[in-house]
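# Secondary and tertiary structure notes
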Amino acid sequence: MHTATKFKSRFIKADSRRGESFVGYKALSSLAGDWIAVKDMYISPGNKGTANVKGNCLNMFLPLVGTACLNGNVKRVEVLPEEVFCFGTGADTTIEISNQHHDETINLLQVSISDSDPLFYLPPSISKLNLHEPNNLANGNGFASGVHAGVYESRKKGQFTLRHSGASLLCYVINGAFEVEERLMEHRDALFIWDVDHVE
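Residues numbered from 1 in each chain as written. Predicted model: local features only at pLDDT ≥ 70, side-chain atom pairs only at ≥ 80, totals over all residues. Heavy atoms only, no water.

Moving on, we get to the overall build of the protein. Tallying secondary structure elements over the protein gives 0 helices and 20 strands in all. Whereas a compact globule of 200 residues would reach a radius of gyration of roughly 16 Å, the protein reaches 17 Å, a difference of no more than 12%. Dimensions along the principal axes, computed over C-alpha positions, put the protein at roughly 45 × 40 × 30 Å. Looking at the protein as a whole, 42% of its 200 residues are labelled buried. Considering only intrachain contacts with a sequence separation of at least 6, the fraction spanning at least 24 residues in the protein is 62%. Side chains of the protein carry 19 positive and 23 negative charges; the gap between the two charge centres is 2 Å. (Helix = DSSP H or I, 4+ residues; strand = E, 2+ residues; numbered from the N terminus. Rg over C-alpha atoms; globule rule 2.2 N^0.38 Å. Buried < 20%, exposed > 50% of the residue type's maximum accessible area, 1.4 Å probe, protein only. Contact = heavy atoms within 4.5 Å. Lys, Arg positive; Asp, Glu negative; His and termini not counted. Charge placed at Lys NZ, Arg CZ, Asp CG, Glu CD.)

Below, the structure is given as structure tokens:
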């Protein structure tokens, strides 16, 4: 069993995230240096927001509530809850995100993971996540195969084994409370872990 002292980690409480907001849009960011960033965005009905997309990164958009319409250097695409939209670009760019709903605020996550390849490029793709089986981590496919998400009942325990020894992991709690490697994580807390084989 690993303990929190056996690998490098960074814990970011939800109430310490950096925020930005304007009419109809709010975003809160959790950052781990230049390696990975998570932006938690809320867009009210009929409004728009923008996502700054860094070059040489795997960029993923995961709607949590409502359908997100994305438009930018990728063709216009609608991404639904339980889907992951992925792409990578070699240069910085901006994506416009709009809420086409008339009575629902949308909430989506943007996850950006840096890559050392200066010519990094991934064609846009959408992967589906099956979240209907409780107490199970569903994963995407293709470039989103490293994305795992699940809905858990109370008092459930498990172990997650990474595909590669000494890999890195981002844990992000959408709702509820979990213990990850004996560290209590609550609503929208983030834990970044480096050089780990598995977590409990």
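A separate point is the sheet that holds strand β2 (residues 18-22). Spatially, the 7 strands line up as an open sheet ordered β2-β3-β4-β11-β6-β9-β12, and their pairing is antiparallel. The open sheet has two free edges, formed respectively by β2 and β12 (122-128), since each of these has just one partner strand. For this sheet, the mean angle separating the axes of adjacent strands, direction not counted, is 15°. As paired elements, strand β4 (residues 36-43) and strand β11 (residues 106-114) share 8 bridges and run antiparallel to each other. Looking across to β11, one finds that Ile36 is bridged to Ile113. (Pairing = 2+ DSSP bridges. Axes fitted to C-alpha atoms, helices over the stretch in contact; angles between N-to-C directions.)

In this section: unusual backbone geometry. Of note in the backbone geometry, Glu82 takes a positive phi value of approximately 75° without being a glycine. Relative to the assigned elements, Glu82 resides in the loop between β8 (77-79) and β9 (83-89).

Scanning all chains against the criterion turns up 9 salt bridges. Note that Asp195 is salt-bridged to Lys8, the shortest N-O span being 3.6 Å. Here Lys8 lies in strand β1 (residues 8-12) and Asp195 lies in strand β19 (residues 190-196), a separation of 187 residues in the sequence. Look at Asp195 and you get partly exposed, because its relative accessible area is 44%. A salt bridge links Lys128 to Glu83; the nearest nitrogen and oxygen atoms lie 2.6 Å apart. Residue Lys128 is located in strand β12, and its partner Glu83 is located in strand β9; the two are separated by 45 residues in the primary sequence. If you follow the salt bridges from partner to partner, you end up with Lys13, Glu186 and Asp189 in one network. (Salt bridge = Lys/Arg side-chain N within 4 Å of Asp/Glu carboxyl O.)

So, about the packing of aromatic side chains. Tallying each qualifying case throughout the model produces 4 aromatic pairs. For the pair Phe85 and Phe87, a centre-to-centre distance of 5.7 Å together with 40° between the ring planes defines the contact as tilted. For the pair shown, Phe85 and Phe87 are each scored as buried. Between Tyr152 and Phe178, the ring centres sit 6.3 Å apart and the planes meet at 85°, which makes this aromatic pair edge-to-face. Residue Tyr152 is found in the loop between β14 (148-149) and β15 (160-161), and its partner Phe178 is found in strand β17 (residues 178-180); the two are separated by 26 residues along the sequence. (Phe/Tyr/Trp six-rings, centres within 6.5 Å; stacked < 30°, edge-to-face > 60°.)

For the rest of this paragraph, the subject is the nonpolar core. Ranked by internal contacts, the top residues of the largest apolar core, which has 20 residues, are Met60, Leu62, Val84, Cys86, Val111, Val147 and Phe192. Not counting residues up to four positions away in its chain, the partners in contact with Phe192 are Lys8, Ser9, Arg10, Ile12, Ser30, Leu31, Ala32, Trp35, Ile36, Leu169 and Leu170. One finds Tyr25, Met41, Ile43 and Phe61 within the second-largest nonpolar core, a separate group that totals 17 residues. (Core = buried A, V, L, I, M, F, W, Y, C linked by side-chain atoms within 4.5 Å.)

Mapped onto the fold, Ser125 is located in strand β12. A relative accessible area of 27% places Ser125 in the partly exposed class. Sequence-wise, Ser125 and His148 are 23 residues apart; in three dimensions their C-alpha atoms are separated by 17 Å.

Moving on to the pairing of β9. Consecutive side chains of a regular strand alternate in pointing toward one face of the sheet and then the other. β9 sits mainly inside the fold: 7 of its 7 residues count as buried. The two faces of β9 match: Glu83, Phe85, Phe87 and Thr89 on one face and Val84, Cys86 and Gly88 on the other face are all buried. One ladder, built from 5 bridges, connects strand β6 (residues 57-65) with β9; its direction is antiparallel. If you follow Leu58 over to β9, its bridge partner there is Gly88. Pairing geometry for β9 and β12, over 5 bridges, is antiparallel. The residue bridging Cys86 from the neighbouring strand is Ser125, located in β12.

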